[in-house]
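Chain residues, written in single-letter form:
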Amino acid sequence: MPPTLASLVRHPGLKLSVLAGEDRLETPVRWAHVSELADPVPYMDGGELLLITAMQIEADDPEEMSRYVRRLVGAGVVGLGFALGVNYAEVPPALATAAKEEGLPLLGVDRRTPFIAISKAVSAAIAADQYRAVTAGFEAQRELTRAAIGAEGPTALLARLAAHVDGWAALYDVSGAVVAAAPDWAARRAARLTADVERLRSRPGPASIVVGGGCGPAGATGAEPAEDTAVADRVELQSLGTGRRMRGVLAVGTGAPLGTAERYAVHSAVALLTLTTERSRALQEAEQRLGAAVLRMLLAGEPDHARAVAGQLYGGLLDAPFRMLVAEVPSGATAQQAHVASSAADDAPAERPTETTTAAGEAEAADPLGTLIDAMEAAAARIGESVLVVPDGERLIVLAPDGGAAVAACAEHARAVEARRGTKARPRDRAAAAAPRGDELVIGLSAPAGPIAAAAAYRQAEQALSVARRRGRMLVEHEQVAAGSVLPLLADDAVRAFADGMLRALHEHDATGRGDLVASLRAWLSRHGQWDAAAADLGVHRHTLRYRMRRVEEILGRSLDDPDARMELWLALKATAPGTSA
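(A) Spotlight on the pairing of strand E9 (residues 234-240). Most of E9 is tucked away: seven of the seven residues are buried. Along E9, one buried face is formed by Arg234, Glu236, Gln238 and Leu240 and the opposite face, lined by Val235, Leu237 and Ser239, is buried too. Bridge analysis of strand E8 (residues 208-211) against E9 gives four bridges, and the strand direction is antiparallel. Bridge pairing in E9 links valine 211 to valine 235.

(B) Structural view of the sheet that holds strand E1 (residues 16-20). Here five strands make up an open sheet; going across it, the order is E1-E5-E4-E3-E2 and the pairing mixed. At either margin of the open sheet sits one strand with a lone partner, and together these are E1 and strand E2 (31-34). Sheet twist, expressed as the mean angle between neighbouring strand axes with direction ignored, is 30°. The pairing of E2 with strand E3 (residues 48-52) spans four bridges and is parallel. For tryptophan 31, the partnering residue across the bridge sits in E3 and is glutamate 48. Sitting on the sheet, helix H3 (residues 93-102) is in contact with E1, strand E4 (79-83) and strand E5 (106-109), with an inclination near 70° to E1.

(C) Region of interest: the side chain of threonine 576. Here threonine 576 is to be found in the segment after helix H21 (563-575). When neighbours within four sequence positions are excluded, threonine 576 is seen to be in contact with Arg496, Ala499, Asp500 and Leu503.

(D) Broad picture of helix H10 (residues 303-314). Look at H10: only 12 Å from first C-alpha to last across 12 residues, short of the 16 Å you get at 1.5 Å a residue. Among the residues of H10, Pro303, Ala306, Ala310 and Tyr314 are the ones counted as buried. Viewed end-on, H10 has its buried residues packed into an arc of 50°, placing them on one side of the element. Opposite the buried face of H10, at more than 90 degrees from it, the exposed residues are Asp304, Ala308 and Gln312.

The rules we used
Every chain begins its residue count from 1, and numbering advances along the sequence as written. Local features in this predicted model are restricted to residues of pLDDT 70 or higher, and side-chain atom pairs are both shown and tallied only at a pLDDT of 80 or more, whereas totals for entire chains, interfaces and linings draw on every residue. Heavy atoms throughout the structure, all of them, feed into the side-chain values; hydrogens and water do not. Type-normalised accessible area, obtained with a 1.4 Å probe on protein chains alone, sets the label of each residue: buried when under 20%, exposed when over 50%, and partly exposed for intermediate values. Working definition: helices are DSSP H or I runs of at least four residues, strands are E runs of at least two. Numbering for both runs from the N terminus. DSSP bridges decide pairing: two strands pair if at least two such bridges lie between them. Helix axes are fitted only over the stretch in contact, all axes being lines through C-alpha atoms; the angle between N-to-C directions runs from 0 to 180 degrees. Throughout, a residue-residue contact means that at least one pair of heavy atoms, one from each residue, lies within 4.5 Å. For a helix, the expected span equals 1.5 Å multiplied by the number of residues minus one. The arc in question is the one traced by the directions running from the helix axis out to the C-beta atoms.

What follows is the structure in structure tokens.
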């Protein structure tokens, strides 16, 4: 610990006597400073033992001494050393009384003790304390390193760290979930900091924040106080990772601000946990190349070769049904169409976002594909589940076990993001108006499949992805596509152009007032070609309807007995209906 007034008094070579403030001698001393100025306060930094001979002050004046001592206390001076037998044989009563009234420790300095000896003693004690801190920090680093490379890994490291700081420690994964804590009860405390972890995750690394404990303003490290001041402990949250993308968060809770030795231990833990949570770029690229090769073999219908290449890394994934996931962020023309289609939805009132949802939304918007990968990989890692992730340009292809943690994390992530966006499921005839903006993630998920059906699963995922774009949904599963209606798929500019071209001649005919061929065609097709029922719907004679249908065939040059013609005309009529316009 740093030197205190009590340790200086006990120093046999200084021969100091206590004249006032006996109850405050355990106050730490940051430095010893000599000043004969009448007002040394502008040159004080706080924590000093001020040494004087009273050459420039009226030490016998009670009012002057009262003002003098009061200013010293206000500046953070922790003690006053008075030279005996230099200008005054004893400490003037006025100064002693003022020191007692203000609670400032007053020490008598023997004439045989030079001020430089006191300064040297303070300096030596501070250096010794710093050396002890550095030595303790190195010892902590060695212990933490041994723990990190041991069988228990991060769990053992957190236990050693908690012991070194005399508090608790917890580790969060990239999704913000608590994965380890020490002691065991600390997991409950760490779970209460989810909002603060989300706030830290929204920042580029490295970053840190301080929660609770009456923390002060942000320091040079970028730490800042949070609003959670209802707790008694002081918690530091440190980001883990070597780049701007965070790989996890370390929480350290203590009853007081960290000392030098504790700070060394925390920095060592951050470095070691970063090494364990962030794999090397070369290893990541190698795994991605291996995963891409496995995926290509599966899509080429070579499951046996794919299984052989996957080995232990992905082999277990191919032994049970899996889901194929295709995700992308629309860009280019697709994004522009989606942005125009969704402009109507922007006018709807939205709920005011909270700080947590705003931070999570910022992280998702900055790198939506990366955020999805983090959520799925973190969930899979917690239960030892294999996940094959293959970035493909602006797309992402994932193979994950059916019913596993990664698929569940994807669904939960989609629900959370859609809740933040405020995009609820809407009627299907308005799907185009709800299409996602160009910078929003869309995901298609296949039905469960095995290695032999990987190509079919990929097609299913792409079909679901296409439907997700049109319906304004972030995630659509293939089962939802099969169970839904084909009508929302007609809300496309290309389909609308085809429908307009097919029906243009009929609309031009009707515009001349020579008959309502479009309405007659719609009624006849809706009644499956039943003349009497369709004529009744139109309020005309069946012979009139027969004449109109012959005119439709003449104008279009197609026979209504052809089922393909009937299908195309019906879809054209549905695509141009008001409810399905893009």
